[in-house]
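# Structural characterization, general
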Amino acid sequence: MTAAEDVVDALVRTTFEVAGVLTRIGGEHDLSLTQIRVLGILRDRRARVTELAAYLGLDKSTMSGLIDRAQRRGLLARGRNPDDGRVVEVYVTPAGLELTRRMEEEVRRALAPMTGRLDPERLDRLGELLEVILTRP
């Protein structure tokens, strides 16, 4: 295998590990992996349903259903954009933020055995490299 192939293989295996942790923790809170992604995206911003659907690769009706279910649980809400009252956006409620914070801590604890194998310098370097990979052009 080439170095690039090795990296792709390692990224895929890492994704499986992380997705497994997220799926398990999400299940403990009655959330799907997609619902976790929505909460993660919205934890520090507001977005239109169409923007969320496009980002997650879902159609608008599926996205609306996910939002409706989270709204019934008190995790998300819809509201008018403060700058353009014609635009409706989705945002995380205080209860949704609290659940998101708790789950983030649970994920950190669950991944600690993996990340704990790295000394601080390597951990910093891994974070920097992942940011480079994840930065959209």
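What you see is a predicted model; the values in this text were computed from it and never measured.

As a volume, the largest pocket reaches approximately 2000 Å³. As for the largest pocket, its lining consists of 37 residues, of which V18, L22, L111, L130 and L134 are closest to the centre. Among the elements of the structure, α1 (3-28), α2 (33-42), α5 (94-115) and α6 (120-134) are those that each provide at least two residues to the lining of the largest pocket. If you tally residues by element for the lining of the largest pocket, the top one is α6, at 10 residues. In terms of residue class, the lining of the largest pocket is built from 20 nonpolar, six polar and 11 charged.

To continue, consider empty space enclosed by the protein. Unfilled space is identified by rolling a water-sized probe across the atoms. Overall, the coordinates contain one cavity of 30 Å³ or more when judged by the stated rule. Size it by volume and the largest cavity reaches roughly 50 Å³. Contributing to the lining of the largest cavity are L31, Q35, V38, L39, L66, I67, A70, L75 and L76. Elements represented by at least two residues in the lining of the largest cavity include exactly α2 and α4 (60-72).

Our next topic: the pattern of salt bridges. Under the definition given, this model contains 10 salt bridges. In this structure, E28 and R24 form a salt bridge, with 3.1 Å as the shortest nitrogen-oxygen distance. Of this pair, E28 and R24 both sit in helix α1, four residues apart, which is roughly one turn of the helix. Residue class for E28 comes out exposed when judged on its relative accessible area of 51%. With a closest N to O distance of 2.9 Å, D84 and R86 form a salt bridge.

When the terminal C-alpha atoms of α4 are compared, their 18 Å separation across 13 residues agrees well with the 18 Å that a helix rising 1.5 Å per residue should span. Of the residues making up α4, those classed as buried are M63, S64, G65, L66, I67 and A70. Looking at the buried side of α4, the elements it contacts are α2, α3 (49-56), β1 (76-80) and β2 (88-92). Backbone geometry just after α4 places G74 at a positive phi near 80°.

This brings us to unusual backbone geometry. Of note, the phi angle at D30 is positive, near 60°, even though the residue is not glycine. The residue D30 is located in the loop between α1 and α2 in this model.

With respect to the helices, strands and loops of the structure, T100 is situated in helix α5. The exposure class assigned to T100 is buried, which follows from its relative accessible area of 8%. Among the polar contacts made by the side chain of T100, one reaches the main-chain carbonyl oxygen of G96 at a distance of 2.7 Å. Not counting the four nearest positions on each side in its chain, T100 is found in contact with L39 and R43.

The rules behind each value
Residues numbered from 1 in each chain as written. Predicted model: local features only at pLDDT ≥ 70, side-chain atom pairs only at ≥ 80, totals over all residues. Heavy atoms only, no water. 1 Å grid on protein atoms, 1.4 Å probe; cavity = no way out; pocket = protein on both sides within 12 Å on 5 of 7 lines; lining within 4 Å. Points joined across faces, edges and corners; volume = space filled by probe spheres on them. Helix = DSSP H or I, 4+ residues; strand = E, 2+ residues; numbered from the N terminus. Nonpolar A, V, L, I, M, F, W, Y, C, P; charged D, E, K, R; others polar. Salt bridge = Lys/Arg side-chain N within 4 Å of Asp/Glu carboxyl O. Buried < 20%, exposed > 50% of the residue type's maximum accessible area, 1.4 Å probe, protein only. Expected span 1.5 Å × (residues − 1). Contact = heavy atoms within 4.5 Å. Polar contact = N/O pair within 3.5 Å; in protein donor to acceptor, adjacent residues only side chain to side chain.

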